[in-house]
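# Structural overview
Listed below, chain by chain, are the residues.
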Amino acid sequence: MAVDPTKPRTVLVIHGVQTGDGADLNQHQLIKQLLESRLGNMPLKFTTDLFRYEDLNDQAQSKYQKLIKLIVANPVGQALTSTAIDLIGDVVTARLDTSTAAKIRQGFKDKILEIFDAGNPCYVVAHSLGSIYAFDVINDLMSEEAFFERQSRRTWPVQGLITLGSPIGLSMFNKGRKRVHALGEGDKMFRWVNYWDRTDPVVSGKMFGQNLTGYEIAEKYRSPSPKQGWVIRDRPVDTGKVWLLAHVAYWDNPTVGDGLFDMVTN
Amino acid sequence: MIPFVLISFLLLTTMPAYSVATLKQQASAAVKKFFQVTEPVAEFQGRYVDTPPEYGETCRVRLDFSEPGKEYFTIRGAYTPSTSIGDGMYFDAPDDTFVTVNSEGDTLILEQRLRDSFSTGTHTYMRLHKQSGVVTVTIKETSRLLLFSSTQTKHCVILLGG
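Residues numbered from 1 in each chain as written. Chains lettered and ligands numbered in written order. Predicted model: local features only at pLDDT ≥ 70, side-chain atom pairs only at ≥ 80, totals over all residues.

### Here's the deal with unusual backbone geometry
The test is simple: The secondary structure listing takes helices from DSSP runs of H or I that are at least 4 residues long and strands from runs of E that are at least 2 residues long, numbered from the N terminus. Field definition: a residue is buried when 20 or more other C-beta atoms are found within 10 Å of its C-beta, exposed when 12 or fewer are, and partly exposed for counts in between, with C-beta atoms placed from the backbone.
Its identity as a non-glycine residue notwithstanding, Ser128(A) has a phi of 55 degrees, on the positive side. Looking at the secondary structure, you find Ser128(A) in the loop between strand E3 (122-127) and helix H6 (130-142). Classification of Ser128(A) by C-beta neighbours within 10 Å gives buried; the count is 27. In this model, Gln36(B) sits at a positive phi of 55 degrees, which is unusual for a non-glycine residue. Relative to the elements of secondary structure, Gln36(B) occurs in the loop between helix H1 (2-35) and strand E1 (41-48).

### Details of the interface of chain B and chain A
Think of interface size as the accessible area that goes away when the parts come together; that is how it is often given. The condition that has to hold: Residue pairs are scored as contacts if the distance between their C-beta atoms, which are placed from the backbone, is within 7 Å. Residue type decides the class: Asp, Glu, Lys and Arg count as charged, Ala, Val, Leu, Ile, Met, Phe, Trp, Tyr, Cys and Pro as nonpolar, and the leftover types, Gly among them, as polar.
The interface is formed by 29 residues belonging to chain B together with 31 residues belonging to chain A. Elements that contribute at least two residues to the side of chain B that touches chain A include exactly strand E4 (87-90), strand E6 (107-117), strand E7 (120-131), strand E8 (134-145) and strand E9 (148-159) of chain B. When residues in the side of chain B that touches chain A are grouped by element, the largest group, four residues, is from E9(B). Residue classes in the side of chain B that touches chain A are distributed as nine nonpolar, 16 polar and four charged.

### Focus on the sheet that holds strand E3 (residues 72-77) of chain B
Either a parallel or an antiparallel arrangement is found when strands of a sheet pair, and the pairing is made through backbone hydrogen bonds. Residues and elements named next belong to chain B. The test is simple: Strands qualify as paired when DSSP identifies two bridges or more between them. The axes are straight lines fitted to the C-alpha atoms, using for helices just the contacting stretch, and the angles between their N-to-C directions are given from 0 to 180°.
Ordered in space as E4-E3-E2-E1-E9-E8-E7-E6-E5, the nine strands form an open sheet in which the pairing is antiparallel. The open sheet has two edge strands, E4 and strand E5 (98-104), and neither has a second partner. Sheet twist, expressed as the average angle between the axes of neighbouring strands with direction ignored, equals 20 degrees. Pairing analysis gives three bridges linking E1 to E9, with the strands arranged antiparallel. Note that in E9 the partner of Tyr48 across the bridge is Cys156.

### Observations regarding the packing of helix H1 (residues 27-39) of chain A against helix H9 (residues 254-265) of chain A
Residues and elements named next belong to chain A. Short version of the rule: An angle below 35 degrees is read as roughly parallel, one above 145 as roughly antiparallel, one from 65 to 115 as roughly perpendicular, and any other as oblique.
Running from N to C, H1 and H9 cross one another at 75 degrees; their axes reach a closest spacing of 9 Å. As summarised for this structure, H1 and H9 are arranged roughly perpendicular, according to the angle between their axes. Side by side, H1 and H9 meet where Leu34, Leu35, Ser37, Arg38 and Leu39 of the first sit next to Val256, Gly257, Asp258, Leu260 and Phe261 of the second. When grouped by side-chain class, the residues that make up the contact of H1 with H9 number six nonpolar, two polar and two charged.

### A word on the sheet that holds strand E1 (residues 9-14) of chain A
All names here are of chain A. If you walk across this open sheet you meet the six strands as E2-E1-E3-E4-E5-E6, and the pairing is parallel. With one partner strand each, in any of the chains shown, strand E2 (46-51) and strand E6 (230-237) form the two edges of the open sheet. Neighbour-to-neighbour, the strand axes of this sheet turn through a mean angle of 20 degrees, independent of strand direction. Two elements, E3 and strand E4 (residues 160-164), share five bridges in a ladder whose sense is parallel. Of the residues in E4, the one forming a bridge with Tyr123 is Gly160. Where H1 meets the sheet, it contacts E1, E2 and E3, and its direction lies at approximately 155 degrees from that of E2. In the packing of H6 onto the sheet, the strands contacted are E1, E3 and E4, and the crossing angle to E3 comes to about 140 degrees.

Rendered as structure tokens:
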């Protein structure tokens, strides 16, 4: 098992949670369009794929989804769009120490390893709650002997991580997640770029957005130790949407597209 | 008049700061005393009781005082991700996040409130009860994000010295 850099890249998307079944999800198509729009005439071979876990999660979260549907049914809820409310509700109600969450993590890990076994360089794009699953699974893979030898990218099942509207800066997620897994000695760096809109309330937990200056989300995980082996950057974007709508507006953002282009081509 | 105002100001500003710092220290000391641990790290295996089965059957209570300023006292279950040190009390958080430390006989109650904003944060309540070498650790954690909140309660039973 080794990554073959001559093979087409695979951009693997993991979504946030929302109502509807897995068939309703198409974020990988949006990412495909976004990346194609940034490539211009550059002949880059790539595919996009989506890890779906909604059907699995629906069973565990049915009571919360009933509640969310009730909220959506009232005039305030209707003004906000059901998708945004679904995502936010599920961020807070999702339990990451349950058997369902463990199945989701295992499924995502299996999907990554399937791409790895085929030799395709894999890049993960994770939205909302999906970014927490991605964080957990990638760090878990790094802790395994068989993968992520720092000096050999061919042993890396994931070449880079992009997170969109991640709630990882909220205490409910970061209080227990204190650090990323260090890759050890070497000079190859694993890249994690976190995009956020300042008015996205899922990122900051604030009703009316967060100031850009001095606000660290993913960058809280940076370490001065050269053994960490991660490049971690927070990148603010202006999605053109505000508040809850900003949380679901990353998929066609040119800044995100340029960042993804940069990651998969370098 | 001016000295009186100055003294009043100092009293008002320094007293709360002193008391909240003490509360965090009290919480840390109370946990150590409750478990009677002298080592920097202690771990106890246990089982969940009266807890939804989705959290699994086993639990592990860990007290880690190995890194000054980054101590923690947490519970992990069979399905807790490897990247997480679990749910519980984090002593790397600011002093004023500790809101209750109440020790009475064989019972210890701790509360910590981590705020991201006025509408978002987590509130963790822990009740530890010891009887005949058996400790029941109850953790009730409420997470809030904007319009939503969710509470989970778990009970982990461990055997001291077991």
